[in-house]
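One letter stands for each residue in the lines below.
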Amino acid sequence: MDAGYEDNQYGYSASYDDVKGGGGFFGSRDGGDQGDRSAGSDSVRPVTVRQILNAKQPNSDAAHVSDGAVLNRLTLVGWLRQVNRTATFIQYTIDDGTGQLDLRQWIDNSLDEGSKADEFAPNEFVRAMGEIKVFNNKLYIALGALNKLEDHNEYLYHQLDVIHTHLELTKGPPNAVNKTSQTGAVDVSAYDDSALQTASSMAADLSHLNPLQRRIYQAIDAEAPDWPEGVDIQQIMQRCKNTDPKQIQDAIDDLANDGYIYQASDETHYLTTAG
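Residues numbered from 1 in each chain as written. Predicted model: local features only at pLDDT ≥ 70, side-chain atom pairs only at ≥ 80, totals over all residues. Heavy atoms only, no water.

Enquirer: Can you walk me through the side chain of glutamate 223 in this structure?
Expert: If you trace the backbone, glutamate 223 turns up in helix α5 (residues 211–223). Overall, the relative accessible area of 16% leaves glutamate 223 in the buried class. Apart from residues lying up to four places away in sequence, glutamate 223 is in contact with Val231, Gln235 and Arg239. (Helix = DSSP H or I, 4+ residues; strand = E, 2+ residues; numbered from the N terminus. Buried < 20%, exposed > 50% of the residue type's maximum accessible area, 1.4 Å probe, protein only. Contact = heavy atoms within 4.5 Å.)

Enquirer: What should I look at first to understand the packing of aromatic side chains in this one?
Expert: Any two aromatic rings considered together are summarised by their centre-to-centre distance and by the angle between their planes. Counted under the stated rule, the structure contains six aromatic pairs. Between tyrosine 92 and phenylalanine 120, the ring centres sit 5.8 Å apart and the planes meet at 80°, which makes this aromatic pair edge-to-face. With a gap of 28 residues between them, tyrosine 92 in strand β8 (residues 89–95) and phenylalanine 120 in the loop between β9 (100–106) and β10 (125–135) connect regions that are remote in the sequence. Clustering of aromatic rings is evident, with ring pairs tying together Trp79, Phe125, Tyr155 and Tyr262. Over the ring of phenylalanine 89 we find arginine 104; its NZ or CZ atom is 4.2 Å from the centre of that ring. (Phe/Tyr/Trp six-rings, centres within 6.5 Å; stacked < 30°, edge-to-face > 60°. Lys NZ or Arg CZ within 6 Å of the ring centre and 35° of its normal.)

Enquirer: What is the right way to read the pairing of β8 from this model?
Expert: Within a regular strand, the side chains alternate between the two sheet faces. In terms of burial, β8 is largely enclosed, as seven of its seven residues are buried. Of the two faces of β8, both are covered, the one formed by Phe89, Gln91, Thr93 and Asp95 as well as the one formed by Ile90, Tyr92 and Ile94. The pairing of strand β7 (residues 73–85) with β8 spans six bridges and is antiparallel. Among the inter-strand pairings, asparagine 84 is bridged to a residue of β8, identified as glutamine 91. Joining the antiparallel neighbours β7 and β8 is a turn of three residues. When β8 meets β9, the two strands line up antiparallel, connected through seven bridges. Within β9, the position partnered with isoleucine 94 by the bridge is leucine 101. (Pairing = 2+ DSSP bridges.)

Spelled out as structure tokens, the structure:
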């Protein structure tokens, strides 16, 4: 686990005293009505890009809400697809397999921060932390921290944190008082089996897919145990013989955009998000 994070029931919690500078990304904000649920004023909620894009905002002055809880400080894990620098900020595009979203980091030229853009390259595997902002009706994340990740298992750990947080917010705490191991790991078994079965069936629901998309999903799912680094597109095409390669690629893109699959070790290898 990266230094500076503390495990808690909402995934990652961090003190932002060390990353508040550079434009005041984590200044105070109105959290809305007292009745709004949130992950805590100092906690960092693990989310996916799709959750952010689907978050509700009652009005232009209100905070964004997902699962009935205000989205304050967030953390994402994914791959940088673009890195662009302007005179005043660096803009990254992150892809986590559920969608793409812009990240923006302001530059303080007096501190010679312009070199930050050189620290990250396209396809870099990263964890981002920040807050939702809106400019010209487009959502982006104002970055407080962006860190490179070496272990690709971090993606799976993050997805488990996202699922656990979603279950807590939508179904309440585990049946027993919040169970945490001595190492700080969440005891997911504290949730009843029906909740986990529901989450599993939702993750693998293929009813909305067309025949080609379903065939590709099932091909990836079948090959995945032998290819933990991801199933190559060529293997997928071999399982979809007599089909136009462009149609296969389009179907793969649609599956990735809809959150059914994600790019694993590189842009030609895929795994299903349902595991």
